[in-house]
Amino acid sequence: NRQKDNSCHFSMSSASCIVNSSSKHQLSEQYVPSSRCHLMPFDLRNDSKQLFLDLVKHCDFDYNVPTLFLMECVMMYFPEESSQNLLREITYRIQTPILILYDAILLDDPFGETMKQNLNRIHVLAESLCNQTTLLLQLQKLVNAGGFTTAVGCD
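What you see as residue numbers is a count from 1 along each chain, following the sequence as written. Side-chain atom pairs in this predicted model are given and counted only at pLDDT of 80 or more, local residue features only at pLDDT of at least 70, and totals for whole chains, interfaces and linings cover all residues. No hydrogens and no water enter the side-chain calculation; it runs on all heavy atoms of the structure.

**Here's the deal with the nonpolar core**
Where a protein is soluble and globular, its nonpolar side chains tend to be buried together. For our purposes a nonpolar core is just a set of buried Ala, Val, Leu, Ile, Met, Phe, Trp, Tyr and Cys residues, chained together by side-chain atoms within 4.5 Å. Relative accessible area decides the class of each residue, using a 1.4 Å probe on protein chains only: under 20% of the type maximum gives buried, over 50% gives exposed, and in between gives partly exposed. Core analysis: the largest hydrophobic core is formed by 20 residues, its most contacted members being L51, F52, F69, M71, L86, I90 and L99. Elements are defined by DSSP. Helices are runs of H or I of four residues or more, strands are runs of E of two residues or more, and each kind is numbered from the N terminus. Looking at this core, the elements that each hand over two or more residues are α1 (48-59), β3 (67-72), α2 (80-93) and α5 (135-145). Here this core gets 4 residues from one element, more than from any other, and that element is α1. Two residues form a contact once any of their heavy atoms are found within 4.5 Å. Once you skip the residues sitting within four places of it in the chain, M71 turns out to touch L86, I90, L99, I100, L101 and Y102.

**Examining the packing of α2 against α5**
The angle between two axes is taken between their N-to-C directions and runs from 0 to 180 degrees, where each axis is a line fitted to C-alpha atoms and a helix contributes only its stretch in contact. At their nearest, the axes of α2 and α5 sit 9 Å apart, and the two run at 60° to each other. If you check the angle between α2 and α5, you find them oblique. When you trace α2 past α5, the crossing you get is right-handed. Between α2, through E80, S83, Q84, L87 and R88, and α5, the contact on the second element is made entirely by K141, L142 and A145. Gly is put with the polar residues, along with every residue not named as nonpolar or charged; the nonpolar set is Ala, Val, Leu, Ile, Met, Phe, Trp, Tyr, Cys and Pro, and the charged set is Asp, Glu, Lys and Arg. Considering only residue class, the contact of α2 with α5 consists of 3 nonpolar, 2 polar and 3 charged. Here the word oblique covers every angle except those under 35 degrees (roughly parallel), over 145 (roughly antiparallel) and from 65 to 115 (roughly perpendicular). Handedness of a helix crossing follows the sense of rotation of the near helix relative to the far helix, less than a right angle counterclockwise being left-handed and clockwise being right-handed.

**Description of the environment of V124**
Within the secondary structure, V124 is located in the loop between α3 (110-121) and α4 (127-131). For V124, a relative accessible area of 29% gives the class partly exposed. Sequence spacing of V124 and Y77 is 47 residues, and the spatial spacing of their C-alpha atoms is 8.4 Å. Beyond its immediate sequence surroundings of up to four residues, V124 is in contact with Y77 and L119.

**Some words on the packing of aromatic side chains**
When the centres of two rings from Phe, Tyr and Trp lie within 6.5 Å, Trp using its six-membered ring, the rings pair. Their planes under 30 degrees apart give stacked, over 60 give edge-to-face, and anything left gives tilted. With the rule as written, the count across this model stands at 4 aromatic pairs. Ring geometry for F52 versus F61: centroids 6.4 Å apart, planes at 55°, classification tilted. By relative accessible area, which is 0% here, F52 ends up buried. Their ring planes at 55° and their centres at 6.4 Å tell us that F52 and Y63 sit as a pair that is tilted. With a gap of 11 residues between them, F52 in helix α1 and Y63 in the loop between α1 and β3 connect regions that are remote in the sequence.

**Thoughts on unusual backbone geometry**
Although it is not a glycine, C73 adopts a positive phi angle of roughly 50°. Relative to the elements of secondary structure, C73 occurs in the loop between β3 and α2. The partly exposed category is assigned to C73, whose relative accessible area is 24%.

**Comments concerning the side chain of S48**
One can find S48 in helix α1. Look at S48 and you get buried, because its relative accessible area is 9%. Apart from the residues lying within four places of it in its own chain, the contact partners of S48 are N85, L86 and E89.

**Let's talk about the pairing of strand β4 (residues 97-102)**
Looking at chain direction, β3 and β4 are connected through 6 bridges and run parallel. Looking across to β4, one finds that T67 is bridged to P97. Between the parallel pair β3 and β4, the chain is carried across by α2, and the sense of this crossover is right-handed. We treat two strands as partners when DSSP finds at least two bridges between them. By convention a crossover is right-handed if, when the strands point away from the viewer, the path from the first strand over the helix to the second runs clockwise.

Structure (structure tokens):
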């Protein structure tokens, strides 16, 4: 019977892995010791199934623990299929997933116009940004494509 710890787990697209300071895990030389968090580097362009396999293998991740996913301006850059796959993988693997998602979706206001101009200037296509242009469409994506049972949003 494994002893429960009160650690939290995070994955970032480019970050060092932070593991419990008493742990013997070594994913890279970029570790920053912490007794409370597991930060693991992962390129979200890769297969999202591998993310969860890596979390279990390297950080003793427990699918049964309620898990918070915090994504700020991440999903809007994914190809639509990759975005949906990641959302589905979260809801498939985690018993109680909680997602806080902040993405720009209202592109017709001054902030959205500036964002579009800046992205066009550096030749970045924010594919999902173009597909979910309203709060309702974003919420529908979370429920219909992502598998979440409830989605609440505000703008």
